[in-house]
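Architecture and fold: a report
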There are 2 protein chains.
Amino acid sequence: MSLKHGLLGLLNYGSMTGYELDKAFKASLSFFWQAKTSQIYRELDAMERQGWLTSQRVIQSEKPNKRVYTITEGGKEELTKWLSSPESDIMDAMSVRSPFLMRVFFAGETSTKQSLEMLYAYRQKCLESKNRLGSAYDAISEYGAIVGDEKKSKYWQIAALYGDAFFDAGLNWADKAIVLLKEELGE
Amino acid sequence: MSLKHGLLGLLNYGSMTGYELDKAFKASLSFFWQAKTSQIYRELDAMERQGWLTSQRVIQSEKPNKRVYTITEGGKEELTKWLSSPESDIMDAMSVRSPFLMRVFFAGETSTKQSLEMLYAYRQKCLESKNRLGSAYDAISEYGAIVGDEKKSKYWQIAALYGDAFFDAGLNWADKAIVLLKEELGE
DNA sequence: GTTATATATTCAACAAGTTTAATATACAAC
DNA sequence: GTTGTATATTAAACTTGTTGAATATATAAC
């Protein structure tokens, strides 16, 4: 249920429309959770039915009408409850689900050349992700300084550090794997 | 569709029952893909309807009857096709989906003490995973040597190296994060 | 003037994953 | 004799995630 809780967490910072949530989500949480716009709207609907949110329709003349979601007391309780029972998700934290590694595992069925190309592409993506994350990191620092909420922004930074460490690990792994495969070609 | 392709990859090594596949899956691919037993049986059924597999019912007297699945030519083609078009999955490779990081992001809503406990638990899980992977690594080496298929086992090892690198990165990250949070307590 | 982008939401169909449990046999351990 | 473990499969109900489009208005860019 992490998507619902992520949305609760964002709405706990302040009321927002689905559209704004979608953007906020993609600018922050998307590094470790992906959700399509249509899914976000659907979940908001379900969360309102659960009593975790209320919504007010706002009529606009220059732009399409919008619906502003606000977290309820029930929603805040649920958020706290979720944050206080991390045991199960720590198990989940260990479980990577990677179609990419699945391919690596079976790459013996294809040519070494093809495998090398795959690894180079992966390496490149790691670099790009690191850059993307670097920008996000700067944004967090700025935002934290502006908002003056050092406690919150500290955790945002810790989450960002995780991403950085893992892209670095990915880069190093790819380099090692490339060396191993090149040995094979050389023989 | 990675689960289906993982199953195709395993069946490409040899015919197996759903029960055996379930065990083989959990002993190898489960490090980067998780699937419930019931899901595996359901997917096998769908794959047979797709023409990627055939199955033979084997009547046993001492044990329950079983159904042995065999990959078809169509299935082999599908496996090769999947292995030859990695572009899309390299994008997926970058996308972590981690309820744990979601919690870290919002951990500012709870106490520093609680956050530290979470990080210690995570750290512990990293160590355990590394050990579990170490055993798997040994099994791979042995199996590769017995089977004599060095090419296949090389990729299995590369996949295992990935896991190891990532658990190490997780350990280091947790240590850094713990230091950051302890500073906060000390002030 | 037409194309792209931003705002703002909704929906249907489908695919994938989770939960839970039912069913049945055999062997080993205590 | 009953408890646990291994073998072996099936299935319903549910939740979550993906795909792809439809709808509508306003502004900025070319």
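Treat the numbers as computed from the prediction; the structure is a model and nothing was measured. (Residues numbered from 1 in each chain as written. Chains lettered and ligands numbered in written order. Predicted model: local features only at pLDDT ≥ 70, side-chain atom pairs only at ≥ 80, totals over all residues. Heavy atoms only, no water.)

1. Points about the overall build of chain A
The number of helices and strands found in chain A is eight helices and three strands. Element order for chain A, N to C, with α for helix and β for strand: α-β-α-α-β-β-α-α-α-α-α. Compactness check: chain A gives a C-alpha radius of gyration of 21 Å against a globular reference of 16 Å for 187 residues, more than 25% above the reference. Within chain A, the fraction of its 187 residues that count as buried is 49%. Within chain A, contacts between residues at least 6 apart in sequence are counted, and of these 56% link residues at least 24 apart. Element-wise, carbon and sulfur atoms account for 53% of the exposed surface of chain A, whose accessible area totals about 9400 Å². (Helix = DSSP H or I, 4+ residues; strand = E, 2+ residues; numbered from the N terminus. Rg over C-alpha atoms; globule rule 2.2 N^0.38 Å. Buried < 20%, exposed > 50% of the residue type's maximum accessible area, 1.4 Å probe, protein only. Contact = heavy atoms within 4.5 Å. Areas by Shrake-Rupley, 256 points an atom, 1.4 Å probe, with all protein chains shown as cover.)

2. Looking at the packing of aromatic side chains
Applying the stated criterion across every chain, the model contains 23 aromatic pairs over all chains. On the numbers, 4.1 Å between centres and 15° between planes, the contact of Tyr162(B) with Phe166(B) is stacked. One end of the pair, Tyr162(B), and the other, Phe166(B), are both in helix H8 (residues 150-186), four residues apart, so they sit about a helical turn from each other. In this pair, the class of Tyr162(B) matches that of Phe166(B), namely buried. Three or more aromatic residues link up through ring pairs in this structure, and these residues are Phe100(A), Tyr122(A), Tyr162(A), Phe166(A), Trp173(A), Phe100(B), Tyr122(B), Tyr162(B), Phe166(B) and Trp173(B). (Phe/Tyr/Trp six-rings, centres within 6.5 Å; stacked < 30°, edge-to-face > 60°.)

3. With respect to helix H1 (residues 2-13) of chain B
Residue and element names in this part refer to chain B. For H1, built from twelve residues, the straight-helix expectation of 16 Å at 1.5 Å per residue is met to within 8% by its first-to-last C-alpha distance of 17 Å. Extensive coverage of H1 is indicated by the burial of ten of its twelve residues. Along H1, the residues classified as buried are Ser 2, Leu 3, Lys 4, His 5, Gly 6, Leu 7, Leu 8, Gly 9, Leu 10 and Leu 11. (Expected span 1.5 Å × (residues − 1).)

4. Things to note about the interface of chain B and chain A
Listed by partner, the interface residues are 70 residues for chain B and 70 residues for chain A. Both sides of the chain B and chain A interface together cover about 7400 Å² of buried area, and 71% of this is carbon and sulfur. A per-residue breakdown of the area chain B buries against chain A is headed by Arg103(B), Phe105(B) and Tyr155(B), which together make up 12% of the total. There are two salt bridges connecting chain B and chain A. Note that Lys152(A) and Glu109(B) form a salt bridge whose closest N and O atoms lie 3.7 Å from each other. Where chain B meets chain A, there are 24 residue pairs in polar contact (both at pLDDT 80 or more). When contributions to the side of chain B that touches chain A are tallied by element, the ones reaching two or more residues are H1, helix H4 (73-83), helix H5 (87-94), helix H6 (99-106), helix H7 (112-147) and H8 of chain B. For the side of chain B that touches chain A, the element with the highest residue contribution is H8(B), accounting for 19 residues. Here the side of chain B that touches chain A is built from residues that sort into 41 nonpolar, 19 polar and ten charged. (Buried area = accessible area lost by both parts, 1.4 Å probe. Salt bridge = Lys/Arg side-chain N within 4 Å of Asp/Glu carboxyl O. Polar contact = N/O pair within 3.5 Å; in protein donor to acceptor, adjacent residues only side chain to side chain. Nonpolar A, V, L, I, M, F, W, Y, C, P; charged D, E, K, R; others polar.)

5. Considerations on the sheet that holds strand E3 (residues 66-71) of chain A
Residue and element names in this part refer to chain A. Read across the open sheet, the three strands follow the order E1-E3-E2; overall the sheet is antiparallel. Each edge of the open sheet carries a strand with a single partner, namely strand E1 (16-17) and strand E2 (53-58). With two bridges joining them, E1 and E3 adopt antiparallel strand pairing. Across the sheet, Met 16 pairs through a bridge with Tyr 69, a residue of E3. Sitting on the sheet, helix H1 (residues 2-13) is in contact with E1, E2 and E3, with an inclination near 90° to E3. (Pairing = 2+ DSSP bridges. Axes fitted to C-alpha atoms, helices over the stretch in contact; angles between N-to-C directions.)

6. Concerning the pairing of strand E3 (residues 66-71) of chain B
In terms of strand pairing, strand E2 (residues 53-58) of chain B meets E3(B) through six bridges, oriented antiparallel. Residue Leu53(B) lies in a different strand from E3(B), and its bridge partner there is Ile71(B).

7. Details of the protein's contact with DNA strand D
In the region of DNA strand D, 27 residues are neighbours, and Met1(A), Arg42(A), Glu62(A), Tyr19(B) and Arg67(B) sit closest. Among the atoms of DNA strand D close to the protein, meaning within 4 Å, 62% are from sugar or phosphate groups. At a separation of 3.3 Å, a phosphate oxygen of DNA strand D approaches a polar backbone atom of Gly18(B). The side chain of Gln60(B) places a nitrogen or oxygen atom 2.9 Å from a phosphate oxygen of DNA strand D. Contributions of two or more residues to the surface near DNA strand D are made by H1 and helix H3 (37-50) of chain A together with helix H2 (18-27), helix H3 (37-50) and E3 of chain B. Among the elements that take part in the surface near DNA strand D, H3(B) stands out by supplying four residues, more than any other. In terms of residue class, the surface near DNA strand D is built from seven nonpolar, nine polar and eleven charged. (Near = heavy atom within 4 Å.)

8. Some details on the domain arrangement of chain A
One frequent convention defines the size of an interface as the accessible area lost when the parts assemble. With domains assigned, chain A is organised as domain 1 (2-94) and domain 2 (99-186). One C-alpha centre belongs to domain 1 of chain A, the other to domain 2 of chain A, and the line joining them spans 27 Å. (Domains from an automatic or database assignment.)

9. Thoughts on the relation of the copies chain B and chain A
Note that the two copies of the chain are related through a rotation about an axis and a translation along the same axis. You can overlay chain B on chain A at an RMSD of 0.1 Å; the transform is a turn of 180° with a shift of 0.0 Å along its axis. The symmetry that links the two subunits is that of a two-fold axis. A share of 100% of interface residues in chain B that are also interface residues in chain A marks the association as one of identical surfaces. (Least-squares fit on C-alpha atoms with pLDDT ≥ 70 in both.)

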